[in-house]
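# Structural description and commentary
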Amino acid sequence: SPAQSLMSPAPTRRDILLAAGLAAATTTPRPALATLPTVSSPKGYAITPPPAWTRKDKAGADAFWTAPAVAYASLGVTATPVRLARLADFGTVGAVADKLLAAERAKDGFISATLLVATARPGGASGDPLYAFEYDLVTTRIHKIVLSTVGVRDGTLLIANGQTPCGPGGGSCAVGAPALSDLRAAMASFAVV
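Quick caveat, the model's predicted, so the values are computed rather than measured.

### Thoughts on the overall build of the protein chain
- A count of helical and extended segments in the protein chain gives 4 helices and 10 strands.
- Starting at the N terminus, the α and β elements of the protein chain follow one another as α-α-β-β-β-β-β-α-β-β-β-β-α-β.
- When burial is assessed residue by residue, the protein chain has 42% of its 193 residues classed as buried.
- Intrachain contacts of the protein chain at a sequence separation of at least 6 include 56% that bridge at least 24 residues.
- Approximately 9900 Å² of the protein chain is accessible, and the part contributed by carbon and sulfur atoms is 60%.

### Examining the pairing of strand S7 (residues 130-139)
- Within S7, 10 of the 10 residues are buried, which leaves it mostly tucked inside the rest of the structure.
- Of the two faces of S7, the one lined by Leu130, Ala132, Glu134, Asp136 and Val138 and the one lined by Tyr131, Phe133, Tyr135, Leu137 and Thr139 are each fully buried.
- Sheet analysis places strand S6 (residues 110-121) next to S7, joined by 10 bridges and oriented antiparallel. Counted as the bridge partner of Ala118 is Phe133 from S7.
- As judged from the 8 bridges shared by S7 and strand S8 (residues 143-153), these two strands associate in the antiparallel manner. Within S8, the residue paired with Ala132 across the bridge is Thr149.
- Where S7 folds back onto S8 in an antiparallel hairpin, the turn is made up of 3 residues.

### Here we look at the sheet that holds strand S10 (residues 191-192)
- Read from one edge of the open sheet, 3 strands run S1-S2-S10, paired in antiparallel fashion. The open sheet is flanked by strand S1 (39-41) and S10, the only strands paired with a single partner.

### Quick word on the pattern of salt bridges
- Inspection of the entire model under this criterion finds 5 salt bridges.
- Salt-bridge contacts for Arg86 lead to Asp89; the nearest nitrogen and oxygen are separated by 3.4 Å.
- By relative accessible area, which is 43% here, Arg86 ends up partly exposed.
- Here Arg153 and Asp154 are joined by a salt bridge, their closest N and O atoms 3.7 Å apart.
- Owing to a relative accessible area of 27%, Arg153 belongs among the partly exposed residues under this scheme.
- Residue classification places Asp154 among the exposed residues on the basis of a relative accessible area of 65%.

### Details of the packing of aromatic side chains
- Within the structure shown, the criterion is met by 2 aromatic pairs.
- The interplanar angle of 35 degrees and the centroid separation of 6.0 Å between the aromatic rings of Tyr45 and Phe190 together place this pair among those described as tilted. With Tyr45 in strand S2 (residues 45-47) and Phe190 in the loop between helix H4 (177-189) and S10, this pair connects stretches of sequence that are 145 residues apart.
- Take Tyr45: its relative accessible area is 1%, and that puts it in the buried class.
- With a centroid separation of 6.4 Å and an interplanar angle of 80 degrees, the aromatic rings of Tyr131 and Phe133 are classed as edge-to-face. Judged on exposure class, the residue Tyr131 and its partner Phe133 are both buried.

Definitions and cut-offs
Residues numbered from 1 in each chain as written. Predicted model: local features only at pLDDT ≥ 70, side-chain atom pairs only at ≥ 80, totals over all residues. Heavy atoms only, no water. Helix = DSSP H or I, 4+ residues; strand = E, 2+ residues; numbered from the N terminus. Buried < 20%, exposed > 50% of the residue type's maximum accessible area, 1.4 Å probe, protein only. Contact = heavy atoms within 4.5 Å. Areas by Shrake-Rupley, 256 points an atom, 1.4 Å probe, with all protein chains shown as cover. Pairing = 2+ DSSP bridges. Salt bridge = Lys/Arg side-chain N within 4 Å of Asp/Glu carboxyl O. Phe/Tyr/Trp six-rings, centres within 6.5 Å; stacked < 30°, edge-to-face > 60°.

What follows is the structure in structure tokens.
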């Protein structure tokens, strides 16, 4: 209503730039991942990486890809032993989002983190949901959008994590929009099997 809009804080320049970058990411046509090969791991996950992304080795990652045309855009999957039977044992999706952002705040060079998405979705083994997050992160080194989808299988925490850069100095996220669209599709394909 008009009264509510008058009471809402005015969007900042960063809000406007982020919205523009995210809008560009969702309107840029990208190839459908449904026709691409899925990577399945004996560690208990499956994911369809974006087309033309290059698979590379990275310490600590079970699988890792980089974007061909967007510097610093990447997608990786890690598998870490945990003492959890289900993801819900770690907390609700909101509680896990709070822990995730708290971990970012504790890192050197942290400036700000804004949660954009926190949701639970199907895709886990035995009906256990996956938690999916998307957040805007600004550090002294980079401004980026981070996507993370997590699940638990047989005492293993499986994390698909992707990132794409925004412009320098709080610039528009449109610079990484093609990679963001690819990452969203790859995250939607991530499943614990």
